[in-house]
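Each chain, letter by letter, is given below.
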Amino acid sequence: MRTYEEVGADIRQAMRVSDTKTILSLASELDELATPQASALALRARGLTHALRGEFTKALEHFQEALQLFESVNDRIEIATVTGNIGNVYSGYGDYKAAREYYKRTVELFETLGDRGGVAHITGNIGNVDYITGNYADALDNYQSALSGFHEVGDRSGIARVTGNVGIVYSIIGKYEEALSFYSRALELHEELGDRIGVAFVNGNIGSVHTNTGNYPEALAFLSRALLYHEELGNGGSMAVVLGNIGNVHRSIGDYPVALSHYRRALQLHEDLGERSGVARMVGNVGAIHMNTGDYSDAMN
């Protein structure tokens, strides 16, 4: 039987690259050690897997249990890390006030530990909250601070992630050339790191830029690649988003039957995950297709 340190090193690496299958396998190995610290790390690992799949309620339950166990053994590094994980879940829920509170608490914990990489990581997450809430200038400032920290500690994974986030902000404000430049750099880094979920998300983001600029063949190519990766990873929430985006492209080019097929697949996934905003968005898209094709009765339904 391997030690906690040995399994812990492997599972943290798997979590860095979002390898959910390996994460769950190693979590079972941690269970066999039957110590509070091993149980806590297994809970955090399973929580991350749920979060990656968009299962935020389950993720929060696991993270909160993990936090209590880490506090019981005074593992300050893991306390800081799982506190940040909880912030991520609240951000996923859309409770940005709670997310920001947990992130600020996490930054303080990492600063106390002298963990510059940890500070950079959570500063990037605060940038995400700024971006989502429309504070784009603050988002770019926080992303630049995070990038500086990641370069300082040589964290290529962090650099890849935040580089992609800068691309997202530029895309939102309509600076598509800059967005594609940052996305291309991020995609290259994620591929070098073997981070399939990062590759999946950036492919989807590049597809969205091409959609916005009317380059529909390229949009479908990148979105289809993103969908394949998300399907392999079992990320239902991300699959739903990409399916909806593919539907949007087909709707834009007047291919309504194919658009409807993708919207309905996305709708089913959103319903399965309890994502009401996604359900509402897809129902609206389906209704719009029926209006476009003159099926007014179906549109009203």
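Above this text sits the structure in question.
Residues numbered from 1 in each chain as written. Predicted model: local features only at pLDDT ≥ 70, side-chain atom pairs only at ≥ 80, totals over all residues. Heavy atoms only, no water.

1. Here we look at unusual backbone geometry
Logical step 1: Despite not being glycine, A34 shows a phi value in the positive range, around 55°.
Logical step 2: One can find A34 in the loop between α2 (20-33) and α3 (36-52).
Logical step 3: If you check the backbone angles, N74 has positive phi at about 55° while not being a glycine.
Logical step 4: Mapped onto the secondary structure, N74 falls in the loop between α4 (56-72) and α5 (76-93).
Logical step 5: On the basis of relative accessible area, N74 is assigned to the exposed category, the value being 56%. (Helix = DSSP H or I, 4+ residues; strand = E, 2+ residues; numbered from the N terminus. Buried < 20%, exposed > 50% of the residue type's maximum accessible area, 1.4 Å probe, protein only.)

2. A few points about helix α13 (residues 236-252)
For an α-helix, the turn length of 3.6 residues means that residues three or four places apart are oriented alike.
Logical step 1: Between its first and last C-alpha atoms α13 spans 24 Å; for 17 residues at 1.5 Å apiece the expected length is 24 Å, and the two agree.
Logical step 2: Of all 17 residues that make up α13, 12 are buried, and the element is covered over most of its length.
Logical step 3: For α13, the complete set of buried residues consists of G236, G237, S238, M239, A240, V242, L243, G244, I246, G247, V249 and H250.
Logical step 4: G254, located one to two residues past α13, shows a positive phi value of around 80°. (Expected span 1.5 Å × (residues − 1).)

3. With respect to the packing of α3 against α4
Logical step 1: At a minimum axis separation of 8 Å, α3 and α4 run at an interaxial angle of 160°. One element, α3, and the other, α4, form an angle in the roughly antiparallel class. In this structure, α3 crosses over α4, and the sense of that crossing is left-handed. Counted together, P36, Q37, S39, A40, L41, L43, R44, R46, G47, L48, H50 and A51 of α3 and F56, K58, A59, H62, F63, E65, A66, L69 and F70 of α4 form the full contact between these two elements. (Axes fitted to C-alpha atoms, helices over the stretch in contact; angles between N-to-C directions. Parallel < 35°, antiparallel > 145°, perpendicular 65-115°, else oblique. Left-handed = near helix turned anticlockwise from the far one by under 90°. Contact = heavy atoms within 4.5 Å.)

4. Quick notes on the environment of R44
Logical step 1: Here R44 lies in helix α3.
Logical step 2: In this structure R44 comes out as buried when scored by relative accessible area, which is 8%.

5. Digging into α5
Logical step 1: End to end, α5 covers 26 Å across 18 residues, agreeing with the expected 26 Å (1.5 Å per residue, within 8%).
Logical step 2: Within α5, the full set of buried residues consists of E78, I79, A80, V82, T83, G84, N85, I86, G87, V89, Y90 and S91.
Logical step 3: On its buried side, α5 packs onto α1 (4-16), α3, α4, α6 (96-113) and α7 (116-132).

6. Description of the nonpolar core
Logical step 1: Ranked by size, the top nonpolar core spans 42 residues in total, and within it I11, L30 and F70 carry the most contacts.
Logical step 2: At the level of secondary structure, the elements contributing two or more residues to this core comprise α1, α2, α3, α4, α5, α6 and α7.
Logical step 3: Here this core gets 8 residues from one element, more than from any other, and that element is α3.
Logical step 4: Counting 25 residues, the second-largest nonpolar core is a separate cluster that includes A160, Y170, A179 and V199. (Core = buried A, V, L, I, M, F, W, Y, C linked by side-chain atoms within 4.5 Å.)

7. Concerning the packing of aromatic side chains
Logical step 1: A full pass over the atoms with the stated rule returns 4 aromatic pairs.
Logical step 2: Geometrically, the ring pair formed by F56 and Y93 is tilted, given 6.0 Å between the ring centres and 55° between the ring planes. With a gap of 37 residues between them, F56 in helix α4 and Y93 in helix α5 connect regions that are remote in the sequence.
Logical step 3: Residue classification places F56 among the partly exposed positions, given a relative accessible area of 21%.
Logical step 4: Its relative accessible area of 40% is what places Y93 among the partly exposed residues.
Logical step 5: With 6.5 Å between their ring centres and 40° between their planes, Y131 and Y136 make a pair best called tilted.
Logical step 6: Here the basic side chain of R185 rests over the ring of F182, its NZ or CZ set 4.3 Å away from the ring centre. (Phe/Tyr/Trp six-rings, centres within 6.5 Å; stacked < 30°, edge-to-face > 60°. Lys NZ or Arg CZ within 6 Å of the ring centre and 35° of its normal.)

8. Some points on the packing of helix α9 (residues 156-172) against helix α10 (residues 176-193)
Logical step 1: At a closest axis distance of 8 Å, the pairing of α9 and α10 adopts a crossing angle of 155°. What the angle tells us is that α9 and α10 run roughly antiparallel. Seen along the crossing, α9 lies across α10 with a hand that is left-handed. Contacts between α9 and α10 pair R156, S157, I159, A160, R161, T163, G164, V166, G167, I168, Y170 and S171 from the former with Y176, E178, A179, F182, Y183, R185, A186, L189, H190, E192 and L193 from the latter.
Logical step 2: Split into classes, the residues belonging to the contact of α9 with α10 amount to 12 nonpolar, 6 polar and 5 charged. (Nonpolar A, V, L, I, M, F, W, Y, C, P; charged D, E, K, R; others polar.)

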